[in-house]
Amino acid sequence: MMLLEVANVILEESILRLLNAPKPESADIAFADFDGVQFHVSTDPNDKQSVTVSIAWPCMGELQRLGAMDDYRRIYGDMVCSSPEPNFNFSIKFHTGSAPSDEAGRAALAKKISLMKRHAIAAPFLRTFAQITAGNAGSQVIKIPYRPNESIYIKPEKESCIVIFSVHFVDDADKVLAKVFLQEFQDARRTISGAPSVTYSQKEPPMEMQQIGIRDADDNVGWVSFVLFDKHIGERNMHLTADMLSLFRDYLHYHIKCSKAYMHERMRNRVVLLLQVLNRARPEPFEKKEKKTAMAEPSSVLERRLLPAEDVVVDSVAEVTRLCKQQLAPTPAHHHHLNNNNNNNK
């Protein structure tokens, strides 16, 4: 199965184009990402080398309170703007003239900027993982309302961490496909050593949610729980785990849509095949055929057959009759042949 990229490709390519341009270019690019995220890349009208990158996310305020702002300052340093662009939650500004001169350095800068969304959503996970590893994690459940109808819940334990996703399904077919898809996650522990424990429940929330007061059942909401252990939240793998968790919801719905598209294609091909079979089985329309009867040849044809090969001028019907009798009269050789047959019969 395909894994989605953590970085935003459009943002990375836009930054690279501005950094690699032979002369400063103006830009004003607005685009979206998963989970309702909005990006804006613009240059200063008075200084085309001054580039501003902004991000807007409805849950950014909660993420910044959970450690995203600290990570932004640590990662982007002097590029962080004191006040974000209007209608956006966070902005950075850099000068293309002071960017690294080598190609690898420019690519690394573009990659770092393209991970702006990832750094925000990964901050609560990384902070919780570090607290569990240090042994000073609390027991309070952290809620991240990253979508209008969906949230991520992080519940720290002494030696593990439980991450719960509430997934809202609009289509009933999506619920069925998600159940089949997530069943493979549950069965993975049988064949993959060290895989996290995954459980999926429909309608009723898991026990961890009921403990914090979420007890209402909803037919359109599914609950996916991950139990992460020291192998997943340790210093070695904590960043990879945060990347996987930040993209889980998008990963799930991406493959649901791909599965539906594949099944629709198979159904269309099957319908085409059945139509071909029906067309071959259709009887041909009945056409009434004209019956042909044997008829005597015209006298003119008979006359042509009976006339001698040489040119003969015929003046009357009597002459034609005489010539026909002459042609039909038996020859002496024919009489001799008939006499021999009669003698043999006797």
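Overview of the structure. The structure displayed is predicted, hence computed values, not measured ones.

1. What to know about the overall build of the protein
Here is step 1: Secondary structure summary: the protein contains 12 helices and 9 strands in total.
Here is step 2: Taking all 346 residues of the protein together, 38% fall into the buried category.
Here is step 3: Residue pairs in contact within the protein that sit at least 24 positions apart in sequence constitute 60% of those at least 6 positions apart.
Here is step 4: Carbon and sulfur atoms make up 53% of the accessible area of the protein, which totals about 22,200 Å².

2. What about the packing of aromatic side chains?
Here is step 1: Following the criterion strictly, the structure yields 12 aromatic pairs and no others.
Here is step 2: Residues tyrosine 72 and tyrosine 76 carry aromatic rings whose centres are separated by 5.9 Å and whose planes lie at 45° to one another, so their mutual orientation is tilted. Here tyrosine 72 pairs with tyrosine 76, and both are found in helix H2 (residues 60–76), just 4 residues apart, close to one helical turn. Tyrosine 76 shares its class with tyrosine 72; the two are buried.
Here is step 3: One aromatic cluster is present, formed by Phe165, Phe181, Phe185, Phe226, Phe248 and Tyr251 through successive ring pairs.
Here is step 4: For the cation-ring pair, lysine 117 lies above tryptophan 57, with the distance from its terminal atom to the ring centre recorded as 5.5 Å.

3. Quick notes on the environment of valine 227
Here is step 1: Here valine 227 lies in strand E9 (residues 218–228).
Here is step 2: Looking at valine 227, the relative accessible area reads 22%, which means it is partly exposed.
Here is step 3: C-alpha separation for the pair valine 227 and lysine 155, spaced 72 residues apart in sequence, amounts to 9.7 Å.
Here is step 4: Aside from chain neighbours lying at most four places away, what touches valine 227 is Cys161, Ile162, Pro196 and Ser197.

Rules used throughout
Residues numbered from 1 in each chain as written. Predicted model: local features only at pLDDT ≥ 70, side-chain atom pairs only at ≥ 80, totals over all residues. Heavy atoms only, no water. Helix = DSSP H or I, 4+ residues; strand = E, 2+ residues; numbered from the N terminus. Buried < 20%, exposed > 50% of the residue type's maximum accessible area, 1.4 Å probe, protein only. Contact = heavy atoms within 4.5 Å. Areas by Shrake-Rupley, 256 points an atom, 1.4 Å probe, with all protein chains shown as cover. Phe/Tyr/Trp six-rings, centres within 6.5 Å; stacked < 30°, edge-to-face > 60°. Lys NZ or Arg CZ within 6 Å of the ring centre and 35° of its normal.

Just geometry here; none of it tells us what the structure is for.
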